[in-house]
Every structure is written in structure tokens, then in C-alpha cells.
Amino acid sequence: MALTADRVSEIRTQFPALSRMIDGQPAAFLDGAAGSQVPQVVIDAISDYLANRNANHEGEFATSQESDAMLNQAHVAAADFLGTDDPGTVCFGANMTTLTFALSRALASTWKAGDEIIVTRLDHDGNVSPWQLAARDAGVIVHETAIHPANCTLDLDDFKTKLSGRTRLVAIGAASNFSGTLNPISDVCAMAHAAGAQVFVDAVHYAPHRRIDVNAWQCDYLACSAYKFFGPHIGLLWGRREHLEALSPYKLRVATNELPGRWMTGTQNHECIAGTLAAIEYMAGLGEGPDRRSALDAAFNAITDYENALAQHALDGLRGIDGLEIFGITDAGRLDERVPTFSFRHPACPPREMARRLGETGIFTWHGNYYALPLTEALGIEPEGAVRAGFLHYNTREEADRLVATLRGICV
């Protein structure tokens, strides 16, 4: 089912926030790279849980049993979303960063002095600092993969020089939340495994744009956050069963040793897990197929096609603004290597001021480094950073045109 302009118009009616007006103009939510808006079905699922089955885990009474049934359904749906056949390997938690810190502590206990790990300069700091801190505690050497500043892509030759038989972990992002760059995850996993290393993938920014498939990628761990793919503020962690069972998580003595519970510390945010289930069902509803996984395949094919066309349209306009510096891939022939997330700067207006002026017209963007500090440091644009406009499948060509027209008035 293609995402035509008419279908996107219908989709937009499912998102209450998109009807917001600012000084008589519709708000253009181009802040999706920091967090998407949510459809009404997600809001209803959260309310329904709190109203009708709000209970703790494993009680011998109706609301607890209904709550547990929903939790089981959510694990199965999340497994479909991530591309695994094992729902027990999907764990929920506060957010990607908190889950990554928990995993980093457990993994660090298996490292020894002289071991090495690799992070990248293209990543969000949530996939860098947890590993650097764990390495510091374990006496492990940290290598940083360099980037190509001209287009904000990874320097894979540099990665290969740093990968060795001493490497224990490679931490890499599937998509840059600053430049929109897509990384070759399958290739990195193959190289890392050949060297005897495990791979952790940050798929937070990737999740609303492209199909996650841990089985195809052959990664070892992956984390993402539902609030980036039209759900509530909650994180998901996946790992291969043999790894999650072998590692020793920091948990209470009374907590289960069975998956996924041994990695889901404390009482979970059940209402947001219900919302995540609804968000995945919403995504599947964008496609068609005999089952949810097939429907998700079709949905992401449609999203990719729509977003590639939207990216091309936005890039055509942005490149026409004299003096505007656009970070990342701008070659129309390489749109399959990026998602429609654009960071840019102009000498006529500092990033914060540019974002403020856009916001006054109802165009919502972000300024700064968006926690992609390793990249903004490598690009030499700290402390101001850049301005970011992030498009999702509910955004339109008209919003891209409005962004470009407003920027033309600012960048003078």
C-alpha cells in the first residue's frame, strides 16, 4: 500500500497533535528526530490499560492476569517489530540509554585488562559514553572509528584498522540522529564476528524509518525507543538468548532468572508497554500481509519509498539556499544511504536563533548537538551545533516547502 498524498492526509488525522495551530498556522512537526507524535490508538491504549487492567505482575486475580496477557502480547509484537522469533529476548525498560548502561555493566564484568572495544564518532552519546565508562572500570581500551566529515559517513577503512582479535565489542548506530546517515550494519557485524567481537546496535533513530531485522543483520544486541516510532517514552533491548542468559545482570535477588524478566528490573511501565503494543499495531496497519511481520515488511517498504521522495524534495529546496551548509549525504543517487533527517547551519543566523525564528512561525525544529556530541566535536561545530529538521511519514512536501521558504527569509 503506497503512501500517496491522500493516504498521508488520512494518516495525519489519526495524530491529534498534528492539528495544532501556532498564530493561525498549522504547526509543522519537524522535530520527529527527537521524538515522534503519537496516533490516537496509542493514547487510547495507555488510557484503557490504566482504566481497566492496571495491576502488578503475576497476581491471582483478573486485572493482574489481564495485564500479564497484554505484556505477553507486547513481547510478541516487539519481536515481530525487531525481526526475532524469540519474544523472550525482548526486554522493556526506561529508555535506550538506561538499558544500555545496564547491559554495559554486565558486559564489562566479562572483559579483562588489555581487551578492546570500538565506538564511532557518528553515534549519539547514548551509544558511546556507556561503553567508555564501562571500559574505564574494566581497564579496557576504547577505539573510536573516524568519519568522513564531507558527508558524515563512517570511515570503514579506519574501522578495519582498529578491529582486531582483542576487540570484544563494537557499538554502532544504525542511523545517525544528526545527519541521517545509514550504516552498513550487516557488513560491520560480519567483520566484527570474523574477529571474534560482539556487536551492539543503537537503532533508536532507525526504527521509524527502516525495517529492523536482527536476524538478517546478525547483531548480538540492539536497543531502540518506542517514543521514536510513534509510541510512548519507553525503551526496548534485544539480545541473543545465549548472551542474555550467560550474562549476569544487576538485579534483585527476588527477581526471576528467566528471560525476559531477569533484564527487566523493578516494576515496569505497563501502561507504556500497552502503548508500545498499539504503536507496533499502528505501524503494521500501514502495510498489508497475512501476518503482522509481513504487514510490517510492507509498511516499511512504503515508508522508505515515501520518505526517499520527501528527502529528495526537501534536499532540492535546501540546496537552493545560498550559504546553507547541509551535513550528511546530499547526492540524489545515494538517498538509500540516509533517512530524511537534515542538519544545517548558515553564517547569517546562529542555530539557536534560527530554531527560535522557525518556531515562531510554527515550524518545530531542534538546535544544538542533539546528544550526537562525538560527531559535532569531530565536525568542529561545538558549542553551537546546528539546526535539525527531521521528517517522518506523516510529514508532507508542503511542510518541506514551508521550511525552505522560511529559511530563505532567515538566511540573509
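Please refer to the structure placed before this passage.
One structure accompanies this document, and this report is about it. (Residues numbered from 1 in each chain as written. Predicted model: local features only at pLDDT ≥ 70, side-chain atom pairs only at ≥ 80, totals over all residues. Heavy atoms only, no water.)

**Some remarks on the overall build of the protein chain**
Now for step 1: For the protein chain, the helix and strand inventory stands at 14 helices and 17 strands.
Now for step 2: Relative to the compact-globule value of 22 Å for 412 residues, the protein chain shows a C-alpha radius of gyration of 21 Å, a close match.
Now for step 3: Overall size of the protein chain, expressed as C-alpha extent along the three principal axes, is 60 × 55 × 35 Å.
Now for step 4: Within the span of the protein chain, comprising 412 residues, buried residues form 58% of the whole.
Now for step 5: Taking the contacts inside the protein chain whose residues are at least 6 apart along the sequence as the reference set, 70% of them involve residues at least 24 apart.
Now for step 6: Element-wise, carbon and sulfur atoms account for 51% of the exposed surface of the protein chain, whose accessible area totals about 16400 Å².
Now for step 7: The protein chain carries 33 positive and 50 negative side-chain charges, and their two centres are separated by 4 Å. (Helix = DSSP H or I, 4+ residues; strand = E, 2+ residues; numbered from the N terminus. Rg over C-alpha atoms; globule rule 2.2 N^0.38 Å. Buried < 20%, exposed > 50% of the residue type's maximum accessible area, 1.4 Å probe, protein only. Contact = heavy atoms within 4.5 Å. Areas by Shrake-Rupley, 256 points an atom, 1.4 Å probe, with all protein chains shown as cover. Lys, Arg positive; Asp, Glu negative; His and termini not counted. Charge placed at Lys NZ, Arg CZ, Asp CG, Glu CD.)

**Topic: the side chain of His270**
Now for step 1: Checked against the element boundaries, His270 lands in helix α10 (residues 270-284).
Now for step 2: A distance of 3.0 Å separates polar atoms of two side chains, one belonging to His270 and the other to Tyr49. (Polar contact = N/O pair within 3.5 Å; in protein donor to acceptor, adjacent residues only side chain to side chain.)

**So, helix α7 (residues 185-194)**
Now for step 1: Listing the buried residues of α7 in full gives Ile185, Val188, Cys189 and Ala192. Projection of α7 onto a plane perpendicular to its axis shows the buried side chains occupying an angular sector of 100 degrees, all on one side.
Now for step 2: Once α7 ends, the next one or two residues include Gly196, with phi positive near 90 degrees. (Arc of directions from axis to C-beta.)

**Some remarks on the sheet that holds strand β11 (residues 221-225)**
Now for step 1: Strands sit in the order β4-β12-β11-β10-β9-β5-β6 across an open sheet of 7 strands; the sheet is mixed. Each of the sheet's edge strands pairs with one partner strand only, and the pair in question is β4 (90-93) and β6 (141-145). The mean angle between the axes of side-by-side strands here comes to 20 degrees, regardless of whether they run parallel or antiparallel.
Now for step 2: Sheet strands in contact with α7 are β9 (167-173) and β10 (198-202), and its direction is about 175 degrees off that of β9. (Pairing = 2+ DSSP bridges. Axes fitted to C-alpha atoms, helices over the stretch in contact; angles between N-to-C directions.)

**A word on the packing of helix α3 (residues 62-82) against α10**
Now for step 1: Contact geometry of α3 with α10 gives a least axis separation of 9 Å together with a crossing angle of 45 degrees. As judged from the angle between their axes, α3 and α10 are oblique. Read as a crossing pair, α3 and α10 show a hand that is left-handed. Contact residues: α3 offers Ser67, Met70, Leu71, Gln73, Ala74, Ala77, Ala78 and Phe81, while α10 offers His270, Ile273, Ala274, Leu277 and Ile280. (Parallel < 35°, antiparallel > 145°, perpendicular 65-115°, else oblique. Left-handed = near helix turned anticlockwise from the far one by under 90°.)

**A look at the nonpolar core**
Now for step 1: Within the largest apolar cluster, 139 residues are counted, with the highest numbers of intra-cluster contacts made by Trp111, Trp131, Val201, Ile212, Leu222, Phe229 and Leu318.
Now for step 2: The greatest single-element share of this core, amounting to 12 residues, is contributed by helix α11 (residues 292-318).
Now for step 3: Setting aside anything within four residues of it in sequence, one finds Phe229 in contact with Ser36, Phe81, Ala207, Pro208, Cys224, Leu236, Thr276, Ala279, Ile280 and Met283. (Core = buried A, V, L, I, M, F, W, Y, C linked by side-chain atoms within 4.5 Å.)

**Some details on the sheet that holds strand β14 (residues 341-345)**
Now for step 1: One open sheet holds the 4 strands; their spatial order is β13-β14-β17-β16, and the pairing between them is antiparallel. Here the strands that pair on one side only, and so sit at the sheet edges, are β13 (325-327) and β16 (366-368). Across the sheet, the axes of successive neighbouring strands diverge by a mean angle of 30 degrees, strand direction being ignored.
Now for step 2: Pairing of β14 with strand β17 (residues 386-390), which is carried by 4 bridges, proceeds in the antiparallel orientation. Note that in β17 the partner of Ser343 across the bridge is Arg388.
Now for step 3: Sitting on the sheet, helix α12 (residues 351-360) touches β14, β16 and β17, and the angle it makes with β17 is about 40 degrees.

**Brief notes about unusual backbone geometry**
Now for step 1: For the bond running from Leu259 to Pro260, omega is 0 degrees, close enough to zero to count as cis.
Now for step 2: Take Pro260: it is sitting in the loop between α9 (241-246) and α10.
Now for step 3: Phi is positive for Gln218, close to 65 degrees, though the residue is something other than glycine.
Now for step 4: Within the secondary structure, Gln218 is located in the loop between α8 (214-217) and β11.
Now for step 5: Although it is not a glycine, Phe230 sits at a positive phi angle of roughly 75 degrees.
Now for step 6: Residue placement: Phe230 occurs in the loop between β11 and β12 (235-239).

**Examining the pattern of salt bridges**
Now for step 1: Tallied over the full model, the rule gives 20 salt bridges.
Now for step 2: Between Arg12 and Glu399 there is a salt bridge, and its shortest N-O distance comes to 3.4 Å. Linking Arg12 in helix α1 (residues 5-12) with Glu399 in helix α14 (residues 397-410), this pair joins segments that are 387 residues apart in sequence. This pair shows no difference in class: Arg12 is buried, exactly as Glu399 is.
Now for step 3: Among the salt bridges present, the one from Arg334 reaches Glu337, with a minimum N-O distance of 2.8 Å. (Salt bridge = Lys/Arg side-chain N within 4 Å of Asp/Glu carboxyl O.)

**Quick look at the state of the cysteines**
Now for step 1: Under the definition given, this model contains 0 disulfides.
Now for step 2: You can see Cys91 has no disulfide; the closest cysteine sulfur is in Cys224, sitting 12 Å from it. (Disulfide = S-S within 2.5 Å.)

**Looking at the environment of Pro26**
Now for step 1: Along the chain, Pro26 falls in strand β2 (residues 25-26).
Now for step 2: On the basis of relative accessibility, which here comes to 42%, the residue Pro26 falls in the partly exposed class.
Now for step 3: Counting along the chain gives 53 residues from Pro26 to Ala79, while the straight-line C-alpha distance between them is 36 Å.
Now for step 4: Discounting chain neighbours no more than four positions away, the residues touching Pro26 are Arg20, Met21, Gly362 and Arg402.

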